Amino acid sequence: MTILITGADGYIGWPLMLKLAKEFPEERIIGIDNFGRRRWVEEVGADSVIPIATMEERIKKAHELGFKNISFIYGDLMDKEFVRTLIRVFKPDVVLHLAAQPSAPYSHINMDKAHYTQKNNVLSTLNLLWALREEGLTKAHFIETTTTGIYGAPNLHIPEGFVEVIDKFGNRDVLPFPNIASSFYHVTKGFDAVNMWLMNMQTGMPCTDVRTSIVYGVDTEETMLDEKLSTRFDVDFYFGTLFNRWVAMIIANYPLTVYGSGNQIKPFISVEDACQSLVNIVKEGNEEEYRVYNQLVEYVRIRDLAEELNRAAEEVLGKSPGIKFIPNPRKEKEESEYRFDNSKFMKVLKPKYPKMKDTLAETVERLNRFKDRILAYKDLFIPKKVVG
Ligand SMILES: NC(=O)c1ccc[n+]([C@@H]2O[C@H](COP(=O)([O-])OP(=O)(O)OC[C@H]3O[C@@H](n4cnc5c(N)ncnc54)[C@H](O)[C@@H]3O)[C@@H](O)[C@H]2O)c1
């Protein structure tokens, strides 16, 4: 079996390469990336606070440590000739598609960034799906990490992909949940979902749409083996995700910034559980369905999380930074009582980390070594104009 993984240099993609190599030692694991993420983070003046090795160094170290079945190809998925050749030459059985520009705030910087994000994400997915189709590989399992952000924030129990709709005449149908995403980035994943659905409908190509929630944490079992295997860890406003940025704030003794009322509910999964569940989805297989999973382990109200983390910080460090409510820099619905259905997903994964707050001590311990780097980038937690 050949497994292609796009976005292999990314926060989730790199640890996923290693986990796939461990779990499928007889199979060929090929990573693709164009190093866009390294450039975008540099562009906003930041860097991964955990130093990351080059791809050559990563692969060399991985081979030395026994992950012998991985290799890497540099390329841009927006280039359809590159994608065609890739698919023709390697004839993958599974494509794990993680490549994307994944930052909502980055997609909102200006028209160029919105344009780039939408073109990059939508065309990369389209190129992969069509290359598989044109090469006669419609039995290949296409798996994409889309996002729970596709659902927006409706005052509903959010289903796993589909919703039963009843019209005013009493007719019923089961339809894909509408794409009511609230950023120019998140919208791209709704577009991808429809393109996968369409490709599945027209060709029977098995597509698993993994609605990934906010991923947090520093390590997986494999990245812990050596410094050179570390994955990136961003804490700036544009690329640092919620828990990760807040742990850095705790280390810098900087009040946890809560956007708006803090009544927003957000879903989470650790990077270990995110990677393990993707491996499990590959193992499970998919014959011909368009299947949706809500890839989350818990969901929490933001202001509650800020309080919990302050209490946990008090226990771990003997001090806590407090909370600062700031005007919401995002246009988003803050008041909603929505809940997530993840019952199908929980049959795929037995989480190693059921509660994010319980990981604080080990995350702080791991990051404390990079305290200087965190302090160097602390002005980038929140842009000055947002702090006021
Ligand atoms: N991290 C999260 O909290 C989260 C949450 C929901 C969904 N996701 C999704 O999961 C996936 C991985 O997220 P991540 O956090 O690892 O992001 P990441 O930015 O670290 O990884 C994405 C990788 O894709 C590469 N890439 C982007 N466009 C490319 C192109 N045209 N050609 C080749 N490579 C390209 C980037 O260089 C980067 O290394 C993304 O699709 C993201 O939208 C992530």
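Everything quoted here is computed from the prediction, not taken from an experiment.

**Student:** Just to check I follow, could you spell out the overall build of the protein for this structure?
**Tutor:** Scanning the protein from N- to C-terminus turns up 13 helices and 16 strands. Whereas a compact globule of 388 residues would reach a radius of gyration of roughly 21 Å, the protein reaches 20 Å, a difference of no more than 12%. Taken along its principal axes, the extent of the C-alpha atoms in the protein is 65 × 60 × 40 Å. Sorting the 388 residues of the protein into buried and exposed places 46% on the buried side. The contacts of the protein with a sequence gap of at least 6 include a subset with a gap of at least 24, amounting to 84%.

**Student:** Where do I start with the nonpolar core in this structure?
**Tutor:** Soluble globular proteins tend to pack their nonpolar side chains together in the buried interior. Among the nonpolar cores identified, the biggest contains 101 residues, and I5, M17, L96, F142 and L278 are the most heavily contacted of them. Looking at this core element by element, the count peaks at eight residues for helix α8 (residues 242–251). What I5 contacts, discounting residues up to four positions off in sequence, is G13, L16, M17, L20, I29, G31, L96 and L98.

**Student:** Just checking my understanding: could you explain the sheet that holds strand β12 (residues 265–270) for this structure?
**Tutor:** Strand pairing in a sheet relies on backbone hydrogen bonds, with the paired strands running either antiparallel or parallel. Strands sit in the order β10-β12-β14 across an open sheet of three strands; the sheet is mixed. The outermost strands of the open sheet, each flanked by one partner alone, are β10 (214–216) and β14 (298–301). The average angle at which neighbouring strand axes cross in this sheet is 40 degrees, direction not considered. In this structure, β10 lies alongside β12, joined through three bridges in parallel fashion. Within the sheet, the bridge partner assigned to Y216 lies in β12 and is S270. Strand contacts of helix α9 (residues 271–284): β10 and β12, with the helix running at about 70 degrees to β12, the strand carrying the most contacts.

**Student:** For this particular structure, what's the right way to read helix α7 (residues 184–203)?
**Tutor:** Since the α-helix advances by 3.6 residues per turn, residues separated by three or four positions end up pointing in the same direction. Relative to the 28 Å expected for 20 residues at 1.5 Å per residue, α7 spans 29 Å between its end C-alpha atoms, a close match to the ideal helical length. Within the sequence span of α7, burial applies to Y185, H186, V187, T188, K189, G190, D192, A193, M196, M199 and N200. The inward-facing, buried residues of α7 abut α5 (104–107), α6 (111–134), β5 (141–145), β8 (172–176), β9 (207–212) and β13 (290–295). One or two residues past the end of α7 sits G204, with phi positive at roughly 80 degrees.

**Student:** Looking at this structure, how should I read the sheet that holds β13?
**Tutor:** Taken in spatial order, the seven strands of this open sheet run β3-β2-β1-β4-β5-β9-β13, and their pairing is parallel. Sheet topology places β3 (70–74) and β13 at the edges, where each strand pairs with a single neighbour. With direction set aside, neighbouring strand axes in the sheet form an average angle of 15 degrees. Pairing analysis gives five bridges linking strand β2 (residues 28–33) to β3, with the strands arranged parallel. Within β3, the residue paired with I32 across the bridge is I73. On top of the sheet, α7 reaches β5, β9 and β13; it is set at about 160 degrees to β9, its chief contact.

**Student:** Even after reading the chapter, I still don't get the packing of α6 against α7, so can you show me in this structure?
**Tutor:** The angle between the axes and the distance between the axes are what describe a pair of packed helices. Following both chains from N to C, one finds α6 and α7 inclined at 15 degrees, their axes separated by 9 Å at the closest point. With respect to α7, the element α6 is oriented roughly parallel. Considering only the axes of α6 and α7, their crossing is right-handed. Residues A114, T117, Q118, N121, V122, T125, L126, L129 and R133 of α6 form the contact with α7, whose participating residues are F184, Y185, T188, F191, D192, N195, M196, M199 and T203. Within the contact of α6 with α7, the residues separate by chemical class into nine nonpolar, seven polar and two charged.

**Student:** Looking at this structure, how should I read the site of the ligand?
**Tutor:** In the region of the ligand, 29 residues are neighbours, and G7, G10, R37, A100 and P102 sit closest. Those elements that place two or more of their residues in the shell around the ligand are β2, α2 (36–43), α6 and β10. Among the residues making up the shell around the ligand, the classes are represented as twelve nonpolar, 13 polar and four charged.

**Student:** Would you mind showing me how to read α8 here?
**Tutor:** Most of α8 is tucked away: ten of the ten residues are buried. N253 sits one or two positions beyond α8 and adopts a positive phi of about 55 degrees.

**Student:** When you look at the pairing of strand β7 (residues 162–166) in this model, what are you seeing that I'm missing?
**Tutor:** Moving residue by residue along a regular strand, the side chains alternate between the two faces of the sheet. Along β7, only zero of the five residues are buried, which leaves the element largely exposed. Strand direction decides the pairing type here: β7 and β8, joined by five bridges, are antiparallel. Paired with E164 across the strands is V174, a residue of β8. Where β7 hands over to β8, the hairpin turn is made up of five residues, of which G170 adopts a positive phi near 90 degrees.

**Student:** How should the environment of K60 be read in this particular structure?
**Tutor:** Among the structural elements, K60 can be located in helix α3 (residues 55–64). Accessibility expressed as a C-beta count within 10 Å gives 13 for K60, which makes it partly exposed. Considered as a pair, K60 and L229 are 169 residues apart in the sequence and their alpha carbons are 9.9 Å apart.

Quick notes on the rules
- Residues numbered from 1 in each chain as written.
- Predicted model: local features only at pLDDT ≥ 70, side-chain atom pairs only at ≥ 80, totals over all residues.
- Helix = DSSP H or I, 4+ residues; strand = E, 2+ residues; numbered from the N terminus.
- Rg over C-alpha atoms; globule rule 2.2 N^0.38 Å.
- Buried ≥ 20, exposed ≤ 12 C-beta atoms within 10 Å, placed from the backbone.
- Contact = placed C-beta atoms within 7 Å.
- Core = buried A, V, L, I, M, F, W, Y, C linked by C-beta atoms within 7 Å.
- Pairing = 2+ DSSP bridges.
- Axes fitted to C-alpha atoms, helices over the stretch in contact; angles between N-to-C directions.
- Expected span 1.5 Å × (residues − 1).
- Parallel < 35°, antiparallel > 145°, perpendicular 65-115°, else oblique.
- Left-handed = near helix turned anticlockwise from the far one by under 90°.
- Nonpolar A, V, L, I, M, F, W, Y, C, P; charged D, E, K, R; others polar.
- Near = placed C-beta within 6 Å.

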